[in-house]
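The chain contents come next:
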Amino acid sequence: MAKKVLVVETSLRAKSNSDVLAEAFVKGAKEAGHEVEVVSLKGKKIAFCTGCMACQKLGHCVIEDDANAITEKIYNADVVAWVTPIYYYEMSGQMKTMIDRANSLYPRDYRFRDVYLLSVAADDADATPEHALGGVQGWVDCFEQARVKGSVFAGGVDEPGAIEGHEALQKAFEMGKNS
Ligand SMILES: Cc1cc2nc3c(=O)[nH]c(=O)nc-3n(C[C@H](O)[C@H](O)[C@H](O)COP(=O)(O)O)c2cc1C
């Protein structure tokens, strides 16, 4: 069944390794016949959540920047793939800020069921993406109908473009194809 797949790229750097990993996932998802949309946080204005909680009644955030449009894309997707560089053994701050700003989703009749995490880092240890994955799991735990369906990590990539030829690209492609 064709699904709406949203890929949220959170690296702000040009020739981003995680964007390349996302492209492989997108290729797979398109090959599976899914409708895929990619949104990048590059150039977007996304302020921190102030914790006012107005969103829980209004259904949207009161801060007028780019976060609400992205939140609506998450709301309308069947599948959400978060894409992040590992920063201090966690998801990027910009990814966490976007997750917080999407707090209006919490009481709403969201559609997403399957969530993926795609991450990259200079370090190549199995444990490197663990906390980022834990963070995504924490988000998903707040949405009873959703689950973390998979994650792929490309370690040992630091300079922009270093991911070229990495074995994780094939894994991301397969993951997208099976999404
Ligand atoms: C602020 C910052 C923190 C980082 N922290 C880590 C880290 O904890 N572990 C690691 O292996 N790499 C770390 N890195 C390296 C990036 O994860 C790595 O360069 C990655 O390829 C960047 O992905 P991107 O090209 O998609 O932005 C850090 C980079 C930055 C800028």
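For the structure, check the block above.
On a predicted model such as this, the values are computed, not experimentally measured, just so you know.

Right, let's talk about the state of the cysteines for a bit. What we call a disulfide is simply a covalent bond connecting the sulfur atoms of a pair of cysteines. Under the defined criterion, the tally for this structure stands at zero disulfides. No disulfide involves Cys52; its nearest neighbouring cysteine sulfur is the one of Cys61, lying 6.3 Å away. Owing to a relative accessible area of 48%, Cys52 belongs among the partly exposed residues under this scheme. With no disulfide partner, Cys55 has as its closest neighbouring cysteine sulfur the one in Cys52, 6.4 Å distant.

Of all hydrophobic cores here, the largest spans 29 residues; its most connected members are Ile74, Trp82, Phe112 and Trp139. Looking at this core, the elements that each hand over two or more residues are β1 (4-9), α3 (67-76), β3 (79-85), α4 (93-101), β4 (114-120) and α5 (130-141). The element that contributes the greatest number of residues to this core is α5, accounting for four residues. Excluding its chain neighbours within four sequence positions, the residues that come into contact with Phe112 are Ile74, Ala77, Asp78, Val80, Leu105, Trp139, Phe143, Gln145 and Ala146.

A cluster of like negative charges, contributed by Asp123, Asp124, Asp126, Glu130 and Glu167, occupies part of the molecular surface. Counting through the fold element by element, Glu130 comes out in helix α5.

Moving on: unusual backbone geometry. Phi at Lys15 takes a positive value of approximately 50°, unusual for a residue other than glycine. Within the secondary structure, Lys15 sits in the loop between β1 and α1 (17-31). Unusually for a residue other than glycine, Tyr88 sits at a positive phi of about 50°. Within the secondary structure, Tyr88 is located in the loop between β3 and α4.

What follows covers the site of the ligand. Around the ligand, the structure places 16 residues, and the nearest of them are Ser11, Ser16, Ser18, Asp123 and Asp158. Between an oxygen atom of the ligand and a main-chain N or O atom of Ile86, the distance comes to 2.8 Å. With respect to the ligand, the backbone of Tyr89 contributes an N or O atom lying 3.0 Å from an oxygen atom. For the ligand, whose free accessible area comes to 650 Å², the fraction covered by protein is 79%. Looking at the shell around the ligand residue by residue, the class counts come to nine nonpolar, four polar and three charged.

Secondary-structure assignment places Asp65 in the loop between α2 (55-58) and α3. A polar side-chain atom of Asp65 sits 2.7 Å from the main-chain amide nitrogen of Ala47. Those residues in contact with Asp65 that sit more than four places away from it in its chain are Lys45, Ile46, Ala47 and Arg101.

Taken together, the five strands give an open sheet; going across it, the order is β2-β1-β3-β4-β5, and neighbouring strands pair in parallel fashion. Where the open sheet ends on each side, the last strands, each with one partner, are β2 (35-40) and β5 (147-154). In this sheet, neighbouring strand axes are inclined to one another by 15° on average, regardless of whether the strands run parallel or antiparallel. Inspection of the sheet shows β1 paired to β3 by five bridges, in the parallel sense. Residue Glu9 lies in a different strand from β3, and its bridge partner there is Val83.

Conventions used here
- As a convention, each chain's residues are numbered from 1 in the sequence order in which they are written.
- For this predicted model, a pLDDT threshold of at least 70 governs which residues receive local features, and a threshold of 80 or more governs which side-chain atom pairs are given and counted, while totals over whole chains, interfaces and linings are taken from all residues.
- Side-chain measures were taken over the full set of non-hydrogen atoms in the model, leaving aside hydrogen atoms and water.
- Only a pair of cysteine sulfur atoms within 2.5 Å qualifies as a disulfide here.
- Each residue's exposure class comes from its accessible area (1.4 Å probe, protein chains only) as a fraction of the maximum for that residue type: buried when under 20%, exposed when over 50%, partly exposed otherwise.
- For the purposes of this section, nonpolar cores are sets of buried Ala, Val, Leu, Ile, Met, Phe, Trp, Tyr and Cys residues that join through side-chain atoms within 4.5 Å.
- Elements are defined by DSSP. Helices are runs of H or I of four residues or more, strands are runs of E of two residues or more, and each kind is numbered from the N terminus.
- Whether two residues are in contact is decided by their heavy atoms, any of which lying within 4.5 Å being enough.
- A patch is a set of surface residues, each over 30% in relative accessible area and not in a salt bridge, joined within 9 Å for like charges and within 5 Å for the nonpolar side chains Val, Leu, Ile, Met, Phe, Trp and Tyr.
- Accessible surface area values rest on a Shrake-Rupley calculation with a 1.4 Å probe, where residue burial reflects the displayed protein chains alone.
- The salt bridge criterion pairs a side-chain nitrogen of Lys or Arg with a carboxyl oxygen of Asp or Glu, the two atoms within 4 Å.
- The convention is simple: Lys and Arg are positive, Asp and Glu are negative, and His and the chain ends are not counted.
- Throughout, a charge is located at the NZ atom of Lys, the CZ atom of Arg, the CG atom of Asp or the CD atom of Glu.
- When at least one non-hydrogen atom of a residue lies within 4 Å of a molecule or strand, that residue is treated as near it.
- N or O atoms closer than or at 3.5 Å make up a polar contact, with two conditions inside protein: a donor-capable atom paired with an acceptor-capable one, and, for residues adjacent in sequence, both atoms drawn from side chains.
- Amino acid classes used here: Ala, Val, Leu, Ile, Met, Phe, Trp, Tyr, Cys and Pro are nonpolar; Asp, Glu, Lys and Arg are charged; the rest, including Gly, are polar.
- In this scheme, strands are said to pair when DSSP sees at least two bridges between them.
- Where helices are involved, their axes are fitted lines through C-alpha atoms of the stretch in contact, as for all axes, and angles between N-to-C directions lie from 0 to 180°.

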